[in-house]
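Structural overview
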Amino acid sequence: MSKPSIPQGTRDFSPAEVRKRQYIFNTLRSIFELYGFQPLETPSMENLVTLTGKYGEEGDRLIFKILNNGLNAQTDDTKKKMNDEWEKMLSKSYSSPVITERALRYDLTIPFARYVVMHQNELAFPFRRYQMQPVWRADRPQKGRYREFWQCDADVVGSTSLINEAELLCIYEEAFVTLGIPFVIKINSRKILAGMAELCGHPDKLIDMTVALDKVDKIGLHGVEKELTDKGFDAKSVDILKELVRGEIAYSNNQEIIDELRSKMQGSEIGLEGVREIEKSIEYHKSLSKYGGEKIKIPFEVNGMQLSFSSGINVDISLARGLNYYTGVIVEVIPYGVKMGSIGGGGRYDDLTGLFGLKNLSGVGVSFGVDRIYDVMDELKVFPQRLVEGTQAMLVNFGGENEAYALQILQQLRSAGIAAEIYPDAAKFDKQMKYANKRSIAFVLLPGDEERLKNMVAVKNFTTGEQKTVSVSECIEILRG
RNA sequence: GAGAUUGUAGCUCAGCUGGUUAGAGCAUCAGAUUGUGGUUCUGAGGGUCGUGGGUUCGAACCCCAUCAGUCUCCCCA
């Protein structure tokens, strides 16, 4: 007999894990609602054509495709075509609608864009929505990377105002402060990156350049230099880029970095535009933020040491972000104190709905990676203690008349809004107590012969061990705390 | 797509240069204890050592293949 298993990169969530995950979802949901975003859900699967070509070559490879049903029930002509297409699929990267026409969603942004286009006449623009649903990627799983994971996105479409950028920055800030995760929000603009490519005289090599720059934290300035050279950048342009990145490292203050960039970007109109956008976004954020745009000290614990980290927004021109559809401001959130990739990212996309035929609709959005956020919070031990508490009260089942008495008490407890349960079998006392202990039940109620005859119940606080016999209404007061 | 590493009881893992009946802790069940849990004591059940081949008198251990998990690169949340 083989042991049961689940597909690679997927997980079961135990009751305690679900509680903690729901805490994250609830926190994000209430913040999204506070900022005026409306909930939206879309199907787990989309038509494959909706997804292909939106995430780059690598992205297409990672889309989970769904095999069509009824492949055997086709006409001979269709079957012949299926055979031909199958051969093609085996020989190269290709997929055919006769074999597969649906796929699991890869992110929440593209389905959202599809939704906006389909419902453009019903929506009031600017349209603000949040969405919390699982997505699937056929990637090789590793630390912080799963094949099924949840994203929580907030997007605004139909407005080019940088107030939107600022609001999304506030949402990030508020969310991570509330969750207790020390963070850095890196901010950059695709336009600055384009400006940099322009200054080097290689506007065509934008992607190569950004991919290389993005690795500066990992491989250092020398590594980046090497990669740029490998990609065909000449010594002069490598110097220009190095100078820009190094200049940024020299300043810790965002305004100084912005001023520095502005002087270096002279000669690139698009670059200057990017600088202006970032500056304006940060300015709006400053007036909108609960924290006045200042860094926020967030305490955390590593190896028993109490530390804290000044969390906030950092202008970082090495930030690239993989998805091709971004055109303006881009952001990414990195946790501090844990070795983990980004726990959130987003940016502005000027023409995402254009892919589906609706032109000139700009959008901007952010995404939260819930599974990574969970892993970070677990590692930093910042989940609130109260989440692990189980049912408030359990009634011990003494059988016979006492069972009927217990059921009647149980009904009263629930009517009073107290989460309660009864041990369903008249099992040995010891067994019932052990069960309650294991379940982290807060109070155990003992409705036995003695109590029943006096129309009372014994209440035992399972944390302190304290016990007393009281009436049902007094019991309810105790359980309410 | 490339690489590293690990697969032994429900879980975490021991198991020496190959040697006779494969162990421990935790968990489970039963009992000490038929109205007082978290601590203790006693006992029990549970494994064709991931799978398939090969080498050998003999394989959990060595070799080959295969499958699965974990991690790294690529890329990403």
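Now for the overall build of chain A. Counting its regular elements, chain A contains 17 helices and 17 strands. With the C-alpha coordinates of chain A rotated into their principal frame, the extents come out at 95 × 70 × 50 Å. Residue burial in chain A is summarised as follows: out of 481 residues, 49% are buried. Across chain A, every contact between residues at least 6 apart in sequence was considered, and the portion connecting residues at least 24 apart equals 69%. As presented, chain A carries roughly 24,200 Å² of accessible surface, and 50% of it is formed by carbon and sulfur atoms. On chain A, the mean spot of the 61 positive side-chain charges and the mean spot of the 66 negative ones are 3 Å from each other.

Glancing now at the nonpolar core. Formed by 99 residues in total, the largest nonpolar core has its most connected members in Phe32, Met196 and Phe368. When residues in this core are grouped by element, the largest group, eight residues, is from helix α6 (residues 162–179).

This brings us to the environment of Val216. Note that Val216 resides in helix α9 (residues 216–230). By relative accessible area, Val216 is classed as buried at 13%. Sequence separation between Val216 and Ser318 is 102 residues; the distance between their C-alpha atoms is 6.9 Å. Among all residues touching Val216, those that are not within four sequence positions of it are Leu221, Val224, Val245 and Ser318.

Our focus in this paragraph is the packing of helix α11 (residues 254–264) against helix α12 (residues 269–288). Remark: α11 packs on α12, axes separated minimally by 10 Å, with the N-to-C direction vectors making an angle of 160 degrees. On the basis of the axis angle, α11 is roughly antiparallel to α12. By crossing handedness, the relation of α11 to α12 is classed as left-handed. Every residue of α12 that contacts α11 at Asn254, Gln255, Ile258, Leu261 and Arg262 is listed here: Leu272, Val275, Arg276, Ile278, Glu279 and Ile282. Residues that form the contact of α11 with α12 fall into these classes: six nonpolar, two polar and three charged.

Before going further, it helps to examine the state of the cysteines. Counted by the stated rule, this structure contains zero disulfides. Note on Cys152: no disulfide assigned, nearest cysteine sulfur contributed by Cys170 at a separation of 19 Å. In this structure Cys152 comes out as buried when scored by relative accessible area, which is 0%.

Let us look at unusual backbone geometry. Cis geometry is found at the peptide bond from Phe125 to Pro126, where omega equals 0 degrees. Within the fold, Pro126 resides in the loop between α5 (109–118) and β5 (127–136). Positive phi is not limited to glycine here, since Asn360 has a value of about 55 degrees. Here Asn360 is to be found in the loop between β11 (344–349) and β12 (363–369).

The element strand β16 (residues 457–461) is extensively covered by neighbouring structure, given that five of its five residues are classed as buried. Burial along β16 is two-sided: Val457, Val459 and Asn461 and Ala458 and Lys460, pointing in opposite directions, are all buried. Here β16 pairs with strand β17 (residues 467–470) via four bridges, running antiparallel. Each residue of the ladder has a partner; that of Val459, found in β17, is Lys468.

Once that is clear, we can look at the pairing of strand β7 (residues 183–189). Within β7, seven of the seven residues are buried, which leaves it mostly tucked inside the rest of the structure. Here β7 shows a buried face lined by Phe183, Ile185, Ile187 and Ser189 and a second buried face lined by Val184, Lys186 and Asn188. Looking at chain direction, β7 and strand β9 (residues 305–315) are connected through four bridges and run parallel. Following the sheet pairing, Val184 is matched in β9 by Gly312.

Pairs of aromatic rings are described using the distance from one ring centre to the other and the angle between the two planes. One pass over the full model with this rule turns up 18 aromatic pairs. With centroids separated by 5.8 Å and ring planes inclined at 40 degrees, the aromatic side chains of Phe176 and Phe183 adopt a geometry described as tilted. Comparing Phe176 with Phe183, the two get one shared label, buried. With centroids separated by 5.2 Å and ring planes inclined at 85 degrees, the aromatic side chains of Tyr423 and Tyr435 adopt a geometry described as edge-to-face. Residue Tyr423 is located in the loop between β14 (420–422) and α15 (429–438), and its partner Tyr435 is located in helix α15; the two are separated by twelve residues in the primary sequence. Relative accessible area serves as the criterion here: at 11%, Tyr423 is assigned to the buried category. Through pairs of rings, three or more aromatic residues link up here, namely Phe32, Tyr130, Tyr172, Phe176, Phe183 and Phe368. Stacked on the ring of Phe233, the Lys or Arg Lys205 has its end atom at 5.8 Å from the ring centre.

Criteria and thresholds
- Residues numbered from 1 in each chain as written.
- Chains lettered and ligands numbered in written order.
- Predicted model: local features only at pLDDT ≥ 70, side-chain atom pairs only at ≥ 80, totals over all residues.
- Heavy atoms only, no water.
- Helix = DSSP H or I, 4+ residues; strand = E, 2+ residues; numbered from the N terminus.
- Buried < 20%, exposed > 50% of the residue type's maximum accessible area, 1.4 Å probe, protein only.
- Contact = heavy atoms within 4.5 Å.
- Areas by Shrake-Rupley, 256 points an atom, 1.4 Å probe, with all protein chains shown as cover.
- Lys, Arg positive; Asp, Glu negative; His and termini not counted.
- Charge placed at Lys NZ, Arg CZ, Asp CG, Glu CD.
- Core = buried A, V, L, I, M, F, W, Y, C linked by side-chain atoms within 4.5 Å.
- Axes fitted to C-alpha atoms, helices over the stretch in contact; angles between N-to-C directions.
- Parallel < 35°, antiparallel > 145°, perpendicular 65-115°, else oblique.
- Left-handed = near helix turned anticlockwise from the far one by under 90°.
- Nonpolar A, V, L, I, M, F, W, Y, C, P; charged D, E, K, R; others polar.
- Disulfide = S-S within 2.5 Å.
- Pairing = 2+ DSSP bridges.
- Phe/Tyr/Trp six-rings, centres within 6.5 Å; stacked < 30°, edge-to-face > 60°.
- Lys NZ or Arg CZ within 6 Å of the ring centre and 35° of its normal.

Geometric values such as these leave the question of function open.
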